[in-house]
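# Report on the structure
Chain residues, written in single-letter form:
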Amino acid sequence: MRKIIPILIICCTGLFLTASCKKKDKDLSGIDVHEEENTISFDSTQVAGFFTKYPDFKEYEPEIKELYRKHDYHYIWYDRGGLIEFAAALFDKVNQIKSEGVQNQLPYKQQISDIFYESKEKSGPDLSSELLISSMYFFYAKNVLQGLDPKESKESGWYLPREKVSYVTYLDTLMKDPNLLKKDDSELLPLYYDLKKGLQKYTDIEEKGGWGTIEMEAGVKSLKPGDSSKTIAQVRKRLFISGDLKKDSGSNQYDDELLQAVTAYKKRNSREMDNLITPDLVKHLNVPVQDRIKSIVVNMERCRWISTDLTKGGEYIAVNIPSYRMRYYKDNKVRLESNVVVGKEMNKTVVFSGQMSYLVFSPYWNIPKSIIEKEIKPGMAKDKNYLEKHNMEWNNGLVRQKPGDKNSLGLVKFMFPNSNNIYLHDSPAKSLFNKESRAFSHGCVRVQKARDLAVAILEDDKSWTSQKIDKAMHAGKESSYTLKKKIPVYIAYFTAFADENGMISFFDDVYNRDARLASLLYKS
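Below is a short write-up of the structure. (Residues numbered from 1 in each chain as written. Predicted model: local features only at pLDDT ≥ 70, side-chain atom pairs only at ≥ 80, totals over all residues. Heavy atoms only, no water.)

Right, let's talk about the overall build of the chain for a bit. Helix and strand content of the chain: 19 helices and 16 strands. Look at the contacts in the chain between residues 6 or more apart in sequence, and 71% of them connect residues 24 or more apart. Element-wise, carbon and sulfur atoms account for 49% of the exposed surface of the chain, whose accessible area totals about 25,500 Å². (Helix = DSSP H or I, 4+ residues; strand = E, 2+ residues; numbered from the N terminus. Contact = heavy atoms within 4.5 Å. Areas by Shrake-Rupley, 256 points an atom, 1.4 Å probe, with all protein chains shown as cover.)

Structure representation (structure tokens):
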């Protein structure tokens, strides 16, 4: 067998390691890969028998047959010199699969390990070993790059389009540039790789014993800067462990250093922005590190469901429901960030995407029939002046609210036609944006900085100025404007987010979706 096998044996011990070998950063350029002129053919009729012997890999049978038809039933992982080096590089990558947030165990790991750790040279290639390595490849591709079946992601309330990828073709790409196996940041959403960094940090914390439980002293409703308490020392230690504090002084006093850390923690995790240590904050800090790891894994899975085409245009709007935040990107940089209010539990905002095509200033609110039946008619039954008091009127058998400062849609709405009848809009209820939990709407997304968003969207359009936008918003007469270029809008659901340094933000699972997804990922 080739030189790579002794290297692997020296580098890794045991039959199948989840920890990384120290060679993971090795440059893979120039290693042996599949080359058509140096290949060996095999009998195609033997493939079917493989799946009888190894039924756990049967789900990959269509792709494996397609792979070998494409290569005219020639060995891919062996050539006339034996097992190619790229096979060992792939094996090493699968050994590190837990760092990708994958909980599934590779089937037949003992047999696959034996391929790479066997001591005797073989006189020729072995078809079972060949097909086991191909199955290992598809296991890796499906679990790390594709994720759960699209049907299962839809059942979890995810309706963003999922890109279809041929992992048969992708193997050819890897063979041409093996370094992509080591680090291909283009295959998945950038957030995936940021969460992966965070996963490593939290895994390290878990291995060191995690963090203890913080206890609020009896009768204490909150702690403010300057107070002293054992609770404060516990909060300090907890924030030090998670990297929010550079050092743990052990002090019981709520000093400026701790205040800065608490403020940064609250801001990152979309908590209520005050300077108090409250039972609610302590509850958030007390979530066990094991549960935080599970949240990271769940959200890494969601990243697999989003096409990387999302960021290719450079301009798009992204709404994250659990964080109650919206970001407008131009040239792939955040141009505007705003708080939002999303649908309450009974009127969940749907996870999907659309193309923003026009803006409506001083809009009417055409009230949906369901709201008319559940809210408007009961209100009219109690008060004959209900419509007049709410600036509403009948219009072709339906009710609509007239334009104005008290209109439920505010002074501007942003339209991306879709079957869910969801759009972004302004709101007269400004106080809702200051609440920690902001699931109050009927399903659409209320934007706190709606006026600023309109200005940002139209800033490159010479036919508009900020003064003209203000005039249209306060005209009291509905008008619309078609954008010269449509803007992609993505409404997503991430309960964990990370920056480029792997610093994680955790948000409340407002629609209770994480547990079901976690049960699918951790079912084995």
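Having seen the structure, we can now continue with the description.
Below, the discussion takes up the environment of Val360. Positionally, Val360 belongs in strand β6 (residues 352-361). In contact with Val360, other than residues within four places in its own chain, are Leu411, Val412, Lys413, Met415, Glu478, Ser479 and Ser480.

This next bit is on the side chain of Asp194. In this structure, Asp194 sits in helix α10 (residues 190-207). Lacking a salt bridge, the buried Asp194 has Lys197 as its closest oppositely charged neighbour, with an N-O distance of 4.1 Å. Once you skip the residues sitting within four places of it in the chain, Asp194 turns out to touch Ala498, Asp499, Glu500 and Gly502. (Buried < 20%, exposed > 50% of the residue type's maximum accessible area, 1.4 Å probe, protein only. Lys, Arg positive; Asp, Glu negative; His and termini not counted. Salt bridge = Lys/Arg side-chain N within 4 Å of Asp/Glu carboxyl O.)

On to unusual backbone geometry, then. Phi is positive for Tyr324, which is not a glycine, with a value near 55°. Along the polypeptide, Tyr324 turns up in the loop between β3 (316-320) and β4 (325-330). A residue is classified by how much of its surface remains accessible, and Tyr324, at 4% relative accessible area, is buried. Backbone geometry at Asn332 places phi at a positive 60°, although glycine is not the residue there. By the secondary structure assignment, Asn332 is in the loop between β4 and β5 (333-343). Residue class for Asn332 comes out partly exposed when judged on its relative accessible area of 41%.

What follows is about the pattern of salt bridges. Opposite charge on two side chains makes pairing possible when the charged atoms of those side chains draw close. For the structure on display, the rule yields 26 salt bridges. Close ionic contact of Arg236 with Asp255 constitutes a salt bridge, the shortest N to O distance being 3.5 Å. Taken as a pair, Arg236 in helix α11 (residues 230-241) and Asp255 in the loop between α11 and α12 (256-268) lie far apart in primary sequence, 19 residues in all. For Arg236, a relative accessible area of 0% translates into the label buried. Residue Asp255 is classed as partly exposed on the basis of its relative accessible area of 24%. Residues participating in the shared-partner salt-bridge network are Arg236, Lys247, Asp255 and Glu257.

On to the packing of helix α5 (residues 109-117) against helix α6 (residues 127-146), then. Viewed as axis vectors pointing N to C, α5 and α6 meet at an angle of 115°, and their least axial separation amounts to 10 Å. Taken together, the axes of α5 and α6 are roughly perpendicular relative to one another. For α5 against α6, the interelement crossing comes out left-handed. Packed against α5, whose contacting residues are Gln111, Ile112, Ile115 and Phe116, the element α6 presents Ser129, Leu132, Ile133 and Met136 at the interface. Within the contact of α5 with α6, the residues separate by chemical class into 6 nonpolar, 2 polar and no charged. (Axes fitted to C-alpha atoms, helices over the stretch in contact; angles between N-to-C directions. Parallel < 35°, antiparallel > 145°, perpendicular 65-115°, else oblique. Left-handed = near helix turned anticlockwise from the far one by under 90°. Nonpolar A, V, L, I, M, F, W, Y, C, P; charged D, E, K, R; others polar.)

This part is about the sheet that holds strand β9 (residues 398-401). With antiparallel pairing, the 3 strands of this open sheet are ordered in space as β7-β9-β8. Edge positions in the sheet fall to β7 (365-366) and β8 (392-395), since each of these pairs with one other strand and no more. The strands touched by helix α15 (residues 369-382) are β7, β8 and β9; relative to β9, the strand with the most contacts, the crossing angle is about 80°. (Pairing = 2+ DSSP bridges.)

Turning next to the packing of aromatic side chains. Counting across every chain of the model gives 24 aromatic pairs. Consider the rings of Tyr316 and Tyr329, whose centres lie 4.5 Å apart with planes at 15°: the pair is stacked. Of this pair, Tyr316 sits in strand β3 while Tyr329 is found in strand β4, placing the two residues 13 residues apart along the sequence. Each member of the pair, Tyr316 as well as Tyr329, carries the same accessibility label: buried. On the numbers, 6.3 Å between centres and 80° between planes, the contact of Phe494 with Phe497 is edge-to-face. What makes Phe497 partly exposed here is its relative accessible area of 26%. Every member of this aromatic cluster is reached through a ring pair, and the members are Phe50, Phe51, Tyr54, Phe57, Tyr60 and Tyr108. (Phe/Tyr/Trp six-rings, centres within 6.5 Å; stacked < 30°, edge-to-face > 60°.)

Let us look at the nonpolar core. In terms of nonpolar packing, the biggest core is built from 142 residues, with Trp77, Phe116, Ile317, Met356 and Leu424 touching the most fellow members. Among the elements that line this core, the one with the most residues is α6, at 12 residues. Setting aside anything within four residues of it in sequence, one finds Leu424 in contact with Ile317, Val319, Met326, Met356, Lys413, Phe414, Phe416, Val445, Val447 and Leu453. Residues Val262, Leu281, Val282 and Leu285 belong to the second largest nonpolar core, which totals 15 residues. (Core = buried A, V, L, I, M, F, W, Y, C linked by side-chain atoms within 4.5 Å.)

Before going further, it helps to spend a moment on the environment of Lys142. Inspection of the secondary structure assignment puts Lys142 in helix α6. A C-alpha to C-alpha distance of 9.3 Å links Lys142 and Tyr60, two positions 82 residues apart in sequence. Contact partners of Lys142, with chain neighbours within four places excluded, come to Tyr60, Glu63, Gly147 and Tyr167. Within the structure, the side chain of Lys142 is placed 2.6 Å from the side chain of Glu63, a separation counted as a polar contact. (Polar contact = N/O pair within 3.5 Å; in protein donor to acceptor, adjacent residues only side chain to side chain.)

Most of β6 sits inside the fold, with 7 of its 10 residues counted as buried. Two strands pair when backbone bridges link them, and β6 and strand β14 (residues 479-492) are joined in this way by 9 bridges, in the antiparallel orientation. Looking at β14, one finds that Tyr358 is bridged to Thr482. As paired elements, β6 and strand β10 (residues 412-415) share 4 bridges and run antiparallel to each other. Across the sheet, the residue bridging to Tyr358 is Met415, located in β10.

Geometry only, nothing functional implied.
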